[in-house]
Structure formats: structure tokens, C-alpha cells
Protein chains: 2
Amino acid sequence: MQTSNEQLLNGVEEVLLMGPGPSMVHESVYKALSVSTLGHLDPYFIQIMDMVKVQLQQVFQTGNRLAIPMSGTGSAGMETSFVNFIEPGDPVLILINGVFGMRQKDVAERLGARVDAMEYEWGTPVLVDEVAEKLQRNNYKIVAMVHAETSTGVANPVEAIGELVKGTDSLFLVDTVTSLGGMEVAVDKWGIDIIYSGTQKCLSCPPGIAPVSVSERAVEILHNRETKVPNWYLDLTMIINYWEGEKRAYHHTAPINMIYALHQSLFNVLDEGLENAWARHQEYHKVLVSGLEELGLTMFVDPDYRLPMLNAVVVPDGVDEASVRSRLRKDYRIEIGAGLGPMAGKVWRIGLMGETCRPENVDRVLFALKEIL
Amino acid sequence: MQTSNEQLLNGVEEVLLMGPGPSMVHESVYKALSVSTLGHLDPYFIQIMDMVKVQLQQVFQTGNRLAIPMSGTGSAGMETSFVNFIEPGDPVLILINGVFGMRQKDVAERLGARVDAMEYEWGTPVLVDEVAEKLQRNNYKIVAMVHAETSTGVANPVEAIGELVKGTDSLFLVDTVTSLGGMEVAVDKWGIDIIYSGTQKCLSCPPGIAPVSVSERAVEILHNRETKVPNWYLDLTMIINYWEGEKRAYHHTAPINMIYALHQSLFNVLDEGLENAWARHQEYHKVLVSGLEELGLTMFVDPDYRLPMLNAVVVPDGVDEASVRSRLRKDYRIEIGAGLGPMAGKVWRIGLMGETCRPENVDRVLFALKEIL
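The structure displayed is predicted, hence computed values, not measured ones.

Asks: Sorry, what's going on with the domain arrangement of chain A here?
Replies: Note on interface size: it is often stated as the accessible area lost on association of the parts. Residues and elements named next belong to chain A. Each assigned domain of chain A is listed here: domain 1 (4-23 + 273-372) and domain 2 (27-270). Relative to domain 2, the C-alpha centre of domain 1 lies at a distance of 26 Å. Facing 26 residues of domain 1, the contacting portion of domain 2 comprises 26 residues. Secondary-structure elements contributing two or more residues to the side of domain 1 that touches domain 2 are helix H11 (274-294) and strand E11 (310-314).

Here it is, written out as C-alpha cells:
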């Protein structure tokens, strides 16, 4: 077994990652990954941590002191966002129109929350007026939603829901795993109290680490919990003491090299400029959509609420969707995504996230699809 | 801020990591980290996953089907090991003689377990006879302990406790974060049901991923839970479906590049041979200890139960322990560890883990300590 090992890693081909993440990784980020490992309490590493916090504040557009990467993938960011703020019996409203909203519900229920869910047809957005009415009649500790629903390609109206939540005592919790870096995400302006994201989408950093940020109001609620956070690993009351303050208290050994990589990928995004990055995602999204439509394909989502970085394409009648994906991977070294959950077999998901969102990649996938279909 | 970024990562010096982890990383593992990212459902990546499972079975010395890396650091392995098997009110016995035993207690209590703890003086091992008596009088769902107590440098008698637990219905849960790869760990022979480790100790892979393995008996208990696992991110009932079976079900996006790195570091350990690696740790541990004693220093732990890879050294009277560590880091680019918890100020912790455990590194730290003291 041992001898076949080197061949395995040597055999990894560069695949054009046009699925729902991971996305393409810039050379500078691979280089950052392999910078010499430092200790997690090393004074120089602490400088890098401090810089990462500032970078996350910038990317999240927030003045929150707490803006840090959690030591797990985007889903660990989700778990963090719920487990630190829910106590048994807490009322939570979750707005659902896809797999990732369903997950929020599952996570909250496992933690003993009383979940009230508003469900919308997959492929359509959350409806602001209905939520407004709901919030007038009920009080919730948390109102949670997904910004970019990766399972359907729908952009949800986070800013408008944020306006509604501002008038209540609720904490506003938002999943920006797929949106961050590819479209506007404005934590302070939109009144978001708890936000999580991933790195392997529009930040173009390999998966394994989860940016989160928490408002001062939410931190206060955290510190006033009646029960201990029922998750030692993700307990922010302890993790804050590692990321803040004069004397950094060891909690767990941070994923040093992943933090280097995140640092570099945030640098790349900020160096391009957030607004330039958002505009780039819009631009090549449009090029992709016209190309797909020229091939006779149909988009699953209405243009009014279509995500730029996650393009759900209807699988034409009579086409074996899996064999198309398999040929793309084998003959063209391109990965695109299948439908998730109830969308399986119905759509392909073509990602244009971060470094993937370049004109040559749009050309390459359109060319390959034309050949295959 | 952006422009200072490149300088920050370029400014990372190679530090000789002789603390309690992370340890030195082999060039081949850095190289593996920066291999092109594949999708988490890519057929070639699934081959790598399958190989990693076989490698983990070998390193853990187990026939358990479930031997996988969890997507977080060693502490996520700890959380996984408790949260999947504890339901509220479950009786759990925890054997404690250091910080990491205390943590197990904290984790189990947060999950609603009724914890019975046997505490031993820090710097001494768990006493087998007392545990035998305890197990004769009580029934526990889980008996938990730490193999290599990183806070004190003590090796606990896991094999002997395993013999006792074999005669009961309890699951035997062991922390091998610091021991795996540096001394014998024999899951099947010792009757361990639930085991977790980290990568940044004797496996010499950067931190960020946590090998775990679970016996068939424990998997059955997992599948017969009355309540859902109260942690979506670490729920093994779902994660198994991503790591096993014909059709791999997406749960969360795996930390692809960290899995490459783990794959390579396991290859390195198995290529050297487990017994050779254990012998190397013993050999240079002895060289280190005689060198330290020649300098007039005293070991904190009795030779009978001293760990080879984590050497707790008593700080001599009148010596400012922090300034010694600070000079080692600044003038010699060597990191050693401080005392943890109640051991703070009383000991230094010198790690000889994995790639760190080489004769030239022992010489280097002894030379530097001689100069400073």
C-alpha cells in the first residue's frame, strides 16, 4: 500500500472546478498553505491572526470586534452560529427555500430550539411581506436565513429582512457561505448579528475553515447564557480569549496553515477590491447565461433573483445528467455540480466562484457542453 | 493593510517546533498541502479517501471499518467521540490526571452526562487497581481516559484499563492526540471502542484534522440512539455515508488539502514503520533527558511512566521561565512549551514529536539551553 501512495498524490490532475465549491485556488494561496508551520501561540503567528481579523472585518463590512475563522469548514461556521446562541426552548424563526435553510432548521432543532419555519418554493426567494407579517405577530430570539441558497441558485433578500428584524429584539443570523466575496455582504448596514461563511467558494481558499462574525449585542447575549455552550470545540466564550486580548489563552491548536491560506485569499479579494470582485462575478455570469441559452438550455431561476456565482441549469428532457457530468470530468477535466436533495436529476449547478469566475473558464465549459450535448 | 500582507507571510521564519505541538512538518507534507484542490465528490478524491481510511486502520492497529479524519483539529476529535455516544443522563467515568482529562469531563458534562471522575495527582498516572474496584461497583456507558497526558508528560496505562473495561458493557474511549505515531497505540488489542487523535503531534502534519476510529459495537450503539446527535457538524451517522458505501452522500465539503497532507504524513509514518518510529522516539527522548540532567535540570515525571514525546522539565528555582522561552524563540528560533493550567510557571514542556524527534534537534535545544541557563 505504501508504495502506491506517491503515485496517488502525483496523479491528482488539475480539474477546472465549476461546481458549487470548492472553487479554483490561486497559486499564491497554494504557496501560503505550505509556508512553515508556526506554533499557535507564537508571537509572529499572533500578528497574522490580528491581520486576519482586520481582513475579515473588511470583507464582512463590519466594525464587529469578533470576526474570526472557526477551525472547521463552512458547516462548522453554521454550527457555531446556532450552538452559541440557542438555549433549550428558545424560539427561532427560519426562512427556508433550499437545502441550506433546511439544514439550519435541523441544526437548531437538535439544540432544543422551538423552530418556526417559513418555507418557500425551491427556486424562488423568501417573501419579505410575509416575513414582515410574521414578525409583527411573534417574538423570536433568532431569525435565520441563507443569503445565497447554493442548492437552487436563488439570492434571498437579506437586506430587506434585516430591515424588518431591526425593529425587533431578535438576533439576525445569516448564512453567507456562497455569497461572501462574490456579491455584496454588508453586516453592519444590513443589521446582521451572526454571520458565517466558508472559504472554498468566492474566497477561493481550500475548504477547512469558516469565517464568522458576531455583533456586540450578540456577544453580550452569549456572555449572559444560563447554560454552558453544549459544544466545547466551538464555544466562542473560550475561543474569544484566544483571538483577543493581551494574553492569548490556548483553547485548541489552531489550523495554522489553513489560516495562512485564508490570510492570502482575503488579501487577494481585498487587493482586487470588493466591488470589483462583485462586478466580475456579475459580468461573467451574464456571459455564461447567454452562452447557455445559445445552446438551448434554460436557467432554473428567474433573472430577478438569480445568483451570479451559482448557476442552476435545467437538465433538458431525455438527457442523462450524470453522464454529461461524467464526460465533462473525464474528457474535459471540468467539474460541475449535480442537483442536491429534491433537485437531484433536475438541474446542473455551474459555479462561477472566485478564481473560477474568469472568461477563459466560461469559454471552456460552454465549449465542452456544446460538444457533449 | 493589503500591501503589508505579502511581507507578513514572507516574514515567517522556520522555527524549530519543540513545544507540545505543532511539530515539525516534512517537506513532502508541505508539498502535499499544495497539490491541486479536487472536488469533495471527485472520483479520484474518493480513491484518496479510501486510501486514508486504510492508512488510519494501520496506524490505529484496528480492523474497524470506521477510521476517518474528522474536519477539525484534535479537539474536534474529542467532541466527536463524546457527542455521538452520550445521551442526556448517561453515566460516564473519566480518569483524570491533567488538563486533557479535565477537558473530557467538561465536554461530557456539557452534553448532559452524569460524570463520575477519578482524579490523580498531576505528574502521576491513573492507578489501575482503584479503577478495577470502581468498575466492579458501578456500571458506565463510557469509560474515558487520556493516553499521553500532554499537560504533564505522563503515560497512562491504557492497555491495563482496557483489560478491565473488556469485562463490562462500557465503551472504552481514549484520547491519543499526543501518543499516536510516537508510541504503541493498539486499538483492537487494547479493546478501545472510540479513539481520537490529532495530526500536529507525532504524525507531523499541520493541525486542522482529527483521526478517529470507532468499533463496530460502538457504531451499533450510535445507530440505536434515542435522540439525534446534538451536533450536526460532527454527526457520525451522516458522516459515515460520505466516507463509506457505493454512493457517497455529501455532508459537508471535506478539507481536501488537509486530507492530502494527512495522507502523505501517514505514508511517511508507515514507510518508516510504526515500531521504528516508536523506537526513534524512545532513543532521542533518552538522549534529551541525559542532556537535560547534565545541565542540572530535573524531569517532572518519574521514568516509569514518562512520555517519550512530551518532556516536562522542572523550572529551576529563581529562573524566569517565560524569559527563557522568549530567548529560545528570539535568539535560537526554537519553540518550547510553557506549563498548562496549574503547571504554569512550574515546568517547561519540550516536545520530541514526529519529525521534531531527530538527533540534530535534541543537540540544538540542549546547546541553546546551556547558553541561556
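Following the structure, the description resumes.
Asks: Explanation requested: the relation of the copies chain A and chain B in the structure shown.
Replies: These two copies of the chain differ by a rotation about an axis and a displacement along the same axis. The two copies are related by a screw operation: chain A maps onto chain B through 180° of rotation and 0.0 Å of translation along the axis, at an RMSD of 0.0 Å. Such a combination of turn and shift is consistent with a two-fold rotation axis. If distances are taken from each C-alpha of chain A to the rotation axis, the shortest is found for Gly72(A), at 2.4 Å. A share of 100% of interface residues in chain A that are also interface residues in chain B marks the association as one of identical surfaces.

Asks: Explanation requested: the pairing of strand E13 (residues 347-351) of chain A in the structure shown.
Replies: Every regular strand shows the same layout, with side chains that alternate between the two sheet faces. Residues and elements named next belong to chain A. Most of E13 is tucked away: five of the five residues are buried. Burial of the side chains of E13 extends over both faces: Val-347, Arg-349 and Gly-351 are buried on one face and Trp-348 and Ile-350 on the other. Taken together, the five bridges between E11 and E13 define a ladder with antiparallel strand orientation. When the bridges of E13 are listed, Val-314 appears paired with Val-347. Bridge count between strand E12 (residues 334-338) and E13: two bridges; the pairing is antiparallel. Following the sheet pairing, Ala-338 is matched in E13 by Trp-348.

Asks: Help me out: how do you make sense of the interface of chain A and chain B in this one?
Replies: Across the contact, 64 residues belong to chain A and 64 residues belong to chain B. Taken together, the elements giving at least two residues each to the side of chain A that touches chain B come down to helix H1 (4-10), helix H2 (27-33), helix H3 (43-60), helix H4 (74-83), helix H5 (99-110) and helix H10 (256-272) of chain A. Broken down by element, the side of chain A that touches chain B gets its largest block of residues, nine residues, from H10(A).

Asks: What am I meant to see in helix H9 (residues 236-243) of chain B here?
Replies: In an α-helix, one turn spans 3.6 residues; hence positions three or four apart end up facing the same way. Residues and elements named next belong to chain B. All of the buried residues in H9 are Leu-236, Ile-239 and Trp-243. Seen along its axis, H9 keeps its buried residues to an arc of 60°; they face one direction. In this fold, the buried residues of H9 make contact with helix H3 (43-60), strand E2 (66-70), helix H4 (74-83), strand E10 (210-214) and helix H8 (216-223). Positive phi shows up at Gly-245, right after H9, with a value of about 90°.

Asks: Would you explain unusual backbone geometry in this entry?
Replies: A negative phi angle is the norm for most residues apart from glycine, just as the trans form is the norm for most peptide bonds. Residue and element names in this part refer to chain A. Backbone torsion omega between Gly-21 and Pro-22 reads 0°, so that peptide bond is classified as cis. Mapped onto the secondary structure, Pro-22 falls in the loop between strand E1 (16-18) and H2. Here the phi dihedral of Gln-61 falls at roughly 55°; this positive angle occurs in a residue that is not glycine. Tracing the chain through its elements places Gln-61 in the loop between H3 and strand E2 (66-70). With 17 C-beta atoms counted inside 10 Å, the residue Gln-61 sits in the partly exposed group.

Cut-offs used in this document
Residues numbered from 1 in each chain as written. Chains lettered and ligands numbered in written order. Predicted model: local features only at pLDDT ≥ 70, side-chain atom pairs only at ≥ 80, totals over all residues. Domains from an automatic or database assignment. Contact = placed C-beta atoms within 7 Å. Helix = DSSP H or I, 4+ residues; strand = E, 2+ residues; numbered from the N terminus. Least-squares fit on C-alpha atoms with pLDDT ≥ 70 in both. Buried ≥ 20, exposed ≤ 12 C-beta atoms within 10 Å, placed from the backbone. Pairing = 2+ DSSP bridges. Arc of directions from axis to C-beta.

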